[in-house]
Protein chains: 2
Amino acid sequence: MTPPPTVEMWFEFASSYSYLAVMRAEAAARAAGVVLRWRPFLLGPVFLSLGWNDSPFNIYPPKGRYMWRDMARLAEKYGIPFHLPSQFPRNGLRAARVACVGQDEAWIAPFARAVMQANFGEDRDIGERAVIADILTRLDLPADSLLDAADSEAAKIALRRQTEQATTRGLFGAPSIIVGDELFWGNDRLEDALAWATGRR
Amino acid sequence: MTPPPTVEMWFEFASSYSYLAVMRAEAAARAAGVVLRWRPFLLGPVFLSLGWNDSPFNIYPPKGRYMWRDMARLAEKYGIPFHLPSQFPRNGLRAARVACVGQDEAWIAPFARAVMQANFGEDRDIGERAVIADILTRLDLPADSLLDAADSEAAKIALRRQTEQATTRGLFGAPSIIVGDELFWGNDRLEDALAWATGRR
């Protein structure tokens, strides 16, 4: 018996296009018969390695203006809630550490969707501990112990290593979907990545 | 009787993803019942206005490595010939001036495809007058008179104005597809742009 095809979903909670991909990934992977592995990471260090000290959507205003319009159109097309965030990018560090703690747990997918939707669908500050605690509690998860675990040295190191691995594997943005050695960048490559994983190229 | 829906295809002969969109645009527009208007322009001045003095795929090596792999995969998916160019970006100025002269003529679509395929499918130097002359001749077009027209002051001004208009209209890359006031960026937005034009959103 061969193992089922697997893809890795590399995402960042502050990333706009990661929102669209994270909201769609689980259902799309299930429909394709593909196992999804969640890989939260931080874009900040990746962008710094490219010479950007902010989101390229802020550094290059025409790209930013386009991205927000494109986001609104795509969210409508997918039926995903969208609310222009009053702050961009938000600080996704705490959420990413929690996600790193739980990235192989059953709750990672609903947690990732809830944080993403808080940021891009409800204009909530996901950098605040109380917002993440509220999200965890609504998912019937032990908020305090998970947040404490996310504050531990081990969780900090785990996220740092995962972010270093992102750069090593050639990532330069998010979302990125990795299938074996093949890198697919962007929400609009999710279907191509799943097709690659199942050999329907 | 209402006029048929129309989209503008803004492209640059040196742009890799423009190759994929230019090769697909006419058939896709015809299938959608949409009139296609071709708008050649130069990315160089647009990139300069963003602070880039070269293709971002050269300035940011991880983006460049990914783009070439993505191009190869997508060309195979679409059944479009692909050969890694030995020079990138090539000088698309002369081809763009010829295309600007003929942008509302029946030969613009086959001319655009032939130049694009020479660059990205056959590794030919589209900056050379002889290459463009050969392409025009194979299309049964009067190569010398079109190349002379492209060298005229009027043609230079027309391309310069069109490139200025690109920036004014918010373009920051190619291909870009414009539907009324809606901007769609990238080969992977071609279908969305056509759907927008026909009201099937």
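Values in this document were obtained by computation on a predicted structure and should not be read as measured data.

Asks: Please give an account of the interface of chain A and chain B that cites residues and values.
Replies: Chain A puts 22 residues into the contact, and the matching count from chain B is 22 residues. With both sides pooled, the region where chain A packs onto chain B buries about 2300 Å², and carbon together with sulfur makes up 54% of that total. It is Tyr66(A), Arg73(A) and Arg189(A) that lose the most area in chain A upon contact with chain B, and together they represent 25% of the buried surface on that side. Along the contact surface separating chain A from chain B lie ten salt bridges. Here Glu182(A) ties to Arg69(B) by a salt bridge, and the two come within 2.7 Å at their closest N and O atoms. One can count 17 residue pairs in polar contact (both at pLDDT 80 or more) joining chain A with chain B. Where the side of chain A that touches chain B is concerned, the elements lending two or more residues are helix H4 (61-78), strand S4 (182-185) and helix H10 (190-197) of chain A. With eight residues, H4(A) is the single largest residue contributor to the side of chain A that touches chain B. Partitioning the side of chain A that touches chain B into residue classes produces twelve nonpolar, one polar and nine charged.

Asks: Could you give me a rundown of the pairing of strand S4 (residues 182-185) of chain B, with the residues and numbers involved?
Replies: Sheet faces and side chains relate simply in a regular strand, where the side chains alternate between the two faces. In this sheet, S4(B) lies alongside strand S3 (residues 176-179) of chain B in antiparallel orientation, the contact comprising four bridges. Counted as the bridge partner of Ser176(B) is Trp185(B) from S4(B).

Asks: Which residues make up the environment of Leu50(A), and what are the values?
Replies: Position of Leu50(A) among the secondary structure elements: in the loop between helix H2 (43-49) and helix H3 (56-59). Taking the C-alpha atoms as reference, Leu50(A) lies 7.9 Å from Phe172(A); in sequence the two are 122 residues apart.

Asks: Describe in detail the relation of the copies chain A and chain B, supporting the description with residues and values.
Replies: Here chain A sits on chain B after a turn of 180° about the axis and a move of 0.0 Å along it, with an RMSD of 0.0 Å. This pairing of chains is accounted for by a two-fold axis. Relative to the rotation axis, the C-alpha of Asp188(A) is the closest in chain A, positioned 3.7 Å from it. When you check the interface residues of chain A against chain B, 100% turn up at the interface there too, and the contact is symmetric in its surfaces.

Asks: Before we move on, can you summarise the side chain of Glu182(A) with the specific residues and values?
Replies: For Glu182(A), the position within the fold is in strand S4. The class for Glu182(A) is buried, based on a relative accessible area of 14%. Of the polar contacts made by the side chain of Glu182(A), one reaches the side chain of Arg69(B); its length is 2.7 Å. Beyond its immediate stretch of four places on either side in the chain, Glu182(A) contacts Ile177(A), Trp196(A), Arg69(B) and Arg73(B).

Asks: Lay out the pattern of salt bridges in plain terms, naming residues and giving numbers.
Replies: Summed over the entire model, instances satisfying the criterion amount to 38 salt bridges over all chains. The closest approach of N and O atoms between Arg124(B) and Glu122(B), which form a salt bridge, is 3.8 Å. Assessed through its relative accessible area of 26%, Arg124(B) is described here as partly exposed. Here the salt bridges share partners, and the residues they tie into one network are Arg69(A), Asp70(A), Arg73(A), Glu182(A), Asp188(A), Arg189(A), Arg69(B), Asp70(B), Arg73(B), Glu182(B), Asp188(B) and Arg189(B).

Asks: Describe unusual backbone geometry, listing the residues and the values that go with them.
Replies: All names here are of chain A. The omega torsion across phenylalanine 88 and proline 89 is -10°, close enough to zero to call that bond cis. Here aspartate 123, not a glycine, exhibits a phi torsion of approximately 55°, which is positive. What makes aspartate 123 partly exposed here is its relative accessible area of 23%. One non-glycine residue, aspartate 140, lies in the positive phi region at around 60°. Locating aspartate 140 in the fold gives a position in the loop between helix H7 (129-138) and helix H8 (143-151). Owing to a relative accessible area of 72%, aspartate 140 belongs among the exposed residues under this scheme.

The rules behind each value
Per-chain numbering applies: the sequence of each chain, read as written, is numbered from 1 onward. Working convention: letters from A go to chains and numbers from 1 go to ligands, in the order in which they are written. Local features in a predicted model are, by the rule used here, given only for residues with pLDDT of at least 70; side-chain atom pairs are given and counted only at 80 or more, and totals for whole chains, interfaces and linings are based on all residues. As a convention, hydrogens and water are excluded, and side-chain values are obtained from all of the structure's heavy atoms. Here a residue-residue contact requires only that any non-hydrogen atoms of the pair lie within 4.5 Å. Buried area: the accessible area, evaluated with a 1.4 Å probe, that two parts lose upon being put together, summed over both parts. Every case where a carboxyl oxygen of Asp or Glu lies within 4 Å of a side-chain nitrogen of Lys or Arg is listed as a salt bridge. Two N or O atoms count as a polar contact when they lie within 3.5 Å, although within protein this holds only if one can serve as hydrogen donor and the other as acceptor, and sequence-adjacent residues are included solely when both atoms are side-chain atoms. Strands here are runs of E lasting at least two residues and helices are runs of H or I lasting at least four, both read from the DSSP assignment and numbered beginning at the N terminus. As a working rule, the residues Ala, Val, Leu, Ile, Met, Phe, Trp, Tyr, Cys and Pro are called nonpolar, Asp, Glu, Lys and Arg charged, and the rest polar, with Gly in that last group. A strand pair is defined by DSSP finding two or more bridges across the two strands. Our superposition of the copies is a least-squares fit, built on the C-alpha atoms of residues whose pLDDT is at least 70 in both. With a 1.4 Å probe rolled over the protein chains alone, any residue whose accessible area is under 20% of its type maximum counts as buried; one over 50% counts as exposed, and the rest are partly exposed.

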